[in-house]
Amino acid sequence: MSYSTADSLRPVTLDDVRGAQKMLSGVARVTAMEGSRHLSQMVGAPVHLKCENLQRTGSFKLRGAYVRIAGLLPEERAAGVVAASAGNHAQGVALASALLGVRSTVFMPKGAPLPKVSATRDYGAEVRLHGQVVDETLAAAQEYAAETGAVFIHPFDHPDIIAGQGTVGLEILEQCPEARTIVVGIGGGGLAAGIAVSVKALRPDMRIVGVQAEGAAAYPPSLAAGRPVTVENPATMADGIKVGRPGDVPFGIVGELVDEVRTVSEDELSAALLLCLERAKLVVEPAGASPVAALLGRPDSFEGPVVAVLSGGNVDPVLMQRVLRHGMTAQGRYLAVRLRLTDRPGALATLLGVLSVVDANVLDVSHVRTDPRLGLTEAEVELHLETKGPAHCVEVGQALREAGYTVMG
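Below or above, wherever it landed, is the structure these notes cover. (Residues numbered from 1 in each chain as written. Predicted model: local features only at pLDDT ≥ 70, side-chain atom pairs only at ≥ 80, totals over all residues. Heavy atoms only, no water.)

## Here we look at the packing of helix 9 (residues 190-202) against helix 11 (residues 248-257)
Then comes step 1: For the pair helix 9 and helix 11, interaxial distance at closest approach is 9 Å and the crossing angle is 50 degrees. One finds that helix 9 runs oblique with respect to helix 11. The handedness of the crossing between helix 9 and helix 11 is left-handed. Across from Gly-190, Ala-192, Ala-193, Ala-196, Val-197 and Lys-200 in helix 9, the residues of helix 11 making contact are Pro-250, Ile-253, Val-254 and Leu-257.
Then comes step 2: Classifying every residue of the contact of helix 9 with helix 11 gives eight nonpolar, one polar and one charged. (Axes fitted to C-alpha atoms, helices over the stretch in contact; angles between N-to-C directions. Helix = DSSP H or I, 4+ residues; strand = E, 2+ residues; numbered from the N terminus. Parallel < 35°, antiparallel > 145°, perpendicular 65-115°, else oblique. Left-handed = near helix turned anticlockwise from the far one by under 90°. Contact = heavy atoms within 4.5 Å. Nonpolar A, V, L, I, M, F, W, Y, C, P; charged D, E, K, R; others polar.)

## Concerning the environment of Ser-85
Then comes step 1: Residue placement: Ser-85 occurs in the loop between strand 3 (81-84) and helix 5 (88-100).
Then comes step 2: Taking relative accessible area as the criterion, Ser-85 reaches 7% and is therefore assigned buried.
Then comes step 3: As for Ser-85 and Leu-335, which are separated by 250 residues in sequence, their C-alpha atoms are 36 Å apart.
Then comes step 4: Excluding residues within four positions of it along the chain, Ser-85 makes contact with Ala-90, Phe-107, Met-108 and Pro-109.
Then comes step 5: Separated by 2.9 Å, the side chain of Ser-85 and the backbone nitrogen of Gly-87 make a polar contact.
Then comes step 6: Polar contacts involving the side chain of Ser-85 include one to the main-chain amide nitrogen of Ala-90, which spans 3.1 Å. (Buried < 20%, exposed > 50% of the residue type's maximum accessible area, 1.4 Å probe, protein only. Polar contact = N/O pair within 3.5 Å; in protein donor to acceptor, adjacent residues only side chain to side chain.)

## Examining the packing of helix 1 (residues 14-24) against helix 9
Then comes step 1: Across the interface, helix 1 lies against helix 9 with an axial gap of 9 Å and an inter-helix angle of 115 degrees. Taken together, helix 1 and helix 9 sit at an angle that is classed as roughly perpendicular. Relative to helix 9, the crossing made by helix 1 is left-handed. From helix 1, Leu-14, Val-17 and Arg-18 reach across to helix 9, where they touch Val-197, Ser-198, Ala-201 and Leu-202.
Then comes step 2: By residue class, the composition of the contact of helix 1 with helix 9 is five nonpolar, one polar and one charged.

## What about the sheet that holds strand 12 (residues 361-368)?
Then comes step 1: In space, the four strands of this open sheet follow the order 12-13-11-14, with antiparallel pairing throughout. The sheet terminates laterally at strand 12 and strand 14 (406-407), the two strands that pair on one side only.
Then comes step 2: Pairing geometry for strand 11 (residues 334-342) and strand 14, over two bridges, is antiparallel. Residue pairing across strands places Leu-339 opposite Val-407, the latter belonging to strand 14.
Then comes step 3: Against the sheet, helix 16 (residues 390-402) makes contact with strand 11, strand 13 (378-386) and strand 14, and its axis sits at roughly 5 degrees relative to strand 11, the strand it touches most. (Pairing = 2+ DSSP bridges.)

## A word on the sheet that holds strand 5 (residues 126-129)
Then comes step 1: An order of 5-4-3-6 is seen for the four strands of this open sheet, with the pairing classed as parallel. Lying at the two open borders of the sheet, with one neighbouring strand each, are strand 5 and strand 6 (151-152).
Then comes step 2: Relative to strand 6, strand 3 runs parallel, the two sharing two bridges. Bridging from a neighbouring strand, Val-81 pairs with Val-151 of strand 6.
Then comes step 3: Lying over the sheet, helix 7 (residues 134-148) contacts strand 3, strand 4 (104-108), strand 5 and strand 6, oriented at roughly 165 degrees with respect to strand 3.

Next up, the structure:
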């Protein structure tokens with residue numbers, strides 16, 4: 001399966017995906033399919049998790065990158081490859097290049113998480129930090145390709161990339177032939193398009209549901225317009241699907257073969273990541289948890305058995321800490337309250353005693369005595385509490401008010 005870079009608009013077929021599967025034998029892992037009792041109870045049908053977060057480099061991106069680079073002509077390989085990415089595609093290209101003996105240069109945003117930058121270097125790529133957002137990084141990589149002759153490896157907009165990602169679909173059919181619905185996150189569309197090509201060719205009755213973050217949902221308006229539409233300033237914690245415009249190649253496939261594209265909120269993404277960690281014992285990045293977020297949002301709207309594709313697990317520890325706290329807040333298990341009290345000895349101890357009675361665990365206390373907004377005898381206290389759910393949050397607030405405190409937030 002060898003194609004030149006000029007052959008970028010050819011259709012992607014089941015034979016392409018099967019050829020990619022042979023090429024990836026011994027390179028990409030056949031990742032596990034894990035059942036989820038908790039999600040199955042919510043959905044009312046069996047739910048299985050396709051664990052691409054356990055793939056080499058931590059995401060499905062190695063599949064497409066390897067197939068794309070392996071398909072280059074000898075003179076193209078000799079020129080080296082270049083890519084732009086904030087993380088997963090960067091690592092996929094770096095490892096694929098190293099395995100194939102091809103020189104790789106990867107442009108990453110200056111604010112890219114240090115673990116992802118370090119991992120990309122460790123896989124053998126030359127990393128260049130450029131720009132504050134991926135669009136700037138992408139432009140720099142394309143300029144480098146034009147200047148040096150290096151082949152630009154697009155993260156999703158090429159048939160070879162889509163064929164490689166489509167091998168996930170073949171594995172799903174082998175591991176869970178009884179499945180009726182596949183739920184998969186969508187950024188540029190490469191993974192969803194690949195899965196759709198392979199699955200619909202063999203199981204046209206299978207329902208495929210794509211999921212986008214509300215703040216970076218370019219596919220719904222694009223599908224409505226019948227052409228790729230750019231969403232300005234996409235914003236979401238799920239950087240793996242934070243793409244402002246669908247790819248031209250995957251867009252046509254998604255429009256034809258994907259049955260529905262839904263959106264999920266940041267709260268739903270946080271809750272999904274927390275659920276994967278607590279219930280499935282799986283570390284999943286926000287983009288990888290987007291299918292689970294869709295299940296949480298509308299659990300009764302999926303025909304089972306359902307397969308949710310956990311597309312990646314490369315989450316920055318700092319982001320993980322923030323997202324987990326956000327997820328706990330969304331589930332009513334974390335509460336921040338601010339209130340004023342009389343600044344006298346024992347006042348703070350009295351307040352903490354009220355919280356102890358209602359069994360709220362105090363994680364952090366901020367006590368401010370000097371502020372122009374405060375009266376001479378006032379102090380302001382901000383408390384971060386671990387709670388047991390929405391009902392417990394209401395109980396804590398009520399107990400504070402009944403004790404005479406004015407809760408400000």
